Amino acid sequence: MIPILYSFRRCPYAMRARLAIAVSEQKVQLREIVLKHKPPALLAISPNKTIPVLQIDQNQVLIESLEIMVWALSKHDPERWLTDQLPQMLTLIDSNDYEFKPWLDKYKYADRHPEQSEAYYREQAEDFIMELELRLNRQPYLFAEHITLADIAIFPFIRQFSSVDKTWFEQSPYPQVKQWLAGLMGSDLFNACMKKYPTWLDSGKAVEFP
């Protein structure tokens with residue numbers, strides 16, 4: 001069977017999975033879902049009920065975006081996203097997922113967390129932004145002169161951060177992060193992976209991706 005990818009276009013975890021699948025040229029059947037109406041087929045195979053989910057076959061299901069990325073790139077990695085620095089990359093991605101992301105969520109939805117101000121949550125998130133800025137001062141991408149797994153796994157979340165208060169971000173003292181983010185968001189690969197598809201439950205149609 002062709003692997004089935006359950007995805008939600010705007011989800012940063014789904015974005016990074018789609019990007020890795022696309023660059024690795026692994027054909028999947030894309031099923032775009034609506035988070036409020038998750039299809040029974042997805043719920044039946046995903047213990048945590050989240051996306052992305054990749055059903056490779058009847059016996060193998062990947063429910064973590066990083067697992068999906070590594071699966072795809074281990075099959076074909078034409079742009080060398082996987083490097084000998086994989087352990088270090090995974091450490092930085094963990095910082096993104098488990099330290100930066102909770103502050104990002106509070107910054108995005110500060111009205112739901114009135115115990116502190118929006119500015120306070122942004123300042124906490126800035127610790128990670130500064131770490132990226134320092135890395136990008138040394139080279140164009142986080143770990144190399146070219147894009148790697150870390151760049152693709154992290155930048156969808158920085159994209160969210162940048163959009164909470166666009167005026168503030170444009171004036172922020174992170175020129176390297178802004179340049180890095182703009183380059184990744186302006187890439188042909190990203191724009192191709194952000195194409196809108198009809199939701200699977202509404203259309204009932206299989207969409208081949210990429």
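Refer to the structure presented above.
Every value quoted in this text rests on a predicted model; they were computed, and no experiment measured them.

Draft legend 1. Representation of the overall build of the protein. The helix and strand tally for the protein stands at ten helices and five strands. Against the 2.2 N^0.38 benchmark of 17 Å for 210 residues, the protein shows a C-alpha radius of gyration of 17 Å, consistent with a compact globule. If one aligns the C-alpha atoms of the protein with their principal axes, the spans along those axes are about 50 × 40 × 25 Å. Counting across all 210 residues of the protein, residues that qualify as buried make up 47%. For the protein, restricting intrachain contacts to residue pairs at least 6 apart in sequence, the fraction spanning at least 24 positions comes to 70%. Of the accessible surface of the protein, which amounts to about 10600 Å², a share of 50% is contributed by carbon and sulfur atoms. Computing the positive centroid from 24 side-chain charges and the negative centroid from 27, the protein places the two 8 Å apart.

Draft legend 2. Broad picture of helix α5 (residues 118-138). Taking 1.5 Å as the rise per residue, α5 with 21 residues should run 30 Å; its terminal C-alpha atoms sit 31 Å apart, in good agreement. Those residues of α5 that are buried lie in contact with α4 (86-108), α6 (149-164), α7 (166-171) and α8 (175-185).

Draft legend 3. Here's a closer look at the pattern of salt bridges. Scanning all chains against the criterion turns up three salt bridges. Ionic pairing is found between R16 and D97, a salt bridge with its closest N-O pair at 2.8 Å. Taken together, the residues R16 in helix α1 (residues 12-24) and D97 in helix α4 connect sequence positions 81 residues apart. Salt-bridge contacts for K27 lead to E208; the nearest nitrogen and oxygen are separated by 4.0 Å. Placement of K27 in the loop between α1 and β2 (28-32) and of E208 in strand β5 (residues 207-209) is noted, with a sequence separation of 181 residues between them.

Definitions and cut-offs
- Residues numbered from 1 in each chain as written.
- Predicted model: local features only at pLDDT ≥ 70, side-chain atom pairs only at ≥ 80, totals over all residues.
- Heavy atoms only, no water.
- Helix = DSSP H or I, 4+ residues; strand = E, 2+ residues; numbered from the N terminus.
- Rg over C-alpha atoms; globule rule 2.2 N^0.38 Å.
- Buried < 20%, exposed > 50% of the residue type's maximum accessible area, 1.4 Å probe, protein only.
- Contact = heavy atoms within 4.5 Å.
- Areas by Shrake-Rupley, 256 points an atom, 1.4 Å probe, with all protein chains shown as cover.
- Lys, Arg positive; Asp, Glu negative; His and termini not counted.
- Charge placed at Lys NZ, Arg CZ, Asp CG, Glu CD.
- Expected span 1.5 Å × (residues − 1).
- Salt bridge = Lys/Arg side-chain N within 4 Å of Asp/Glu carboxyl O.

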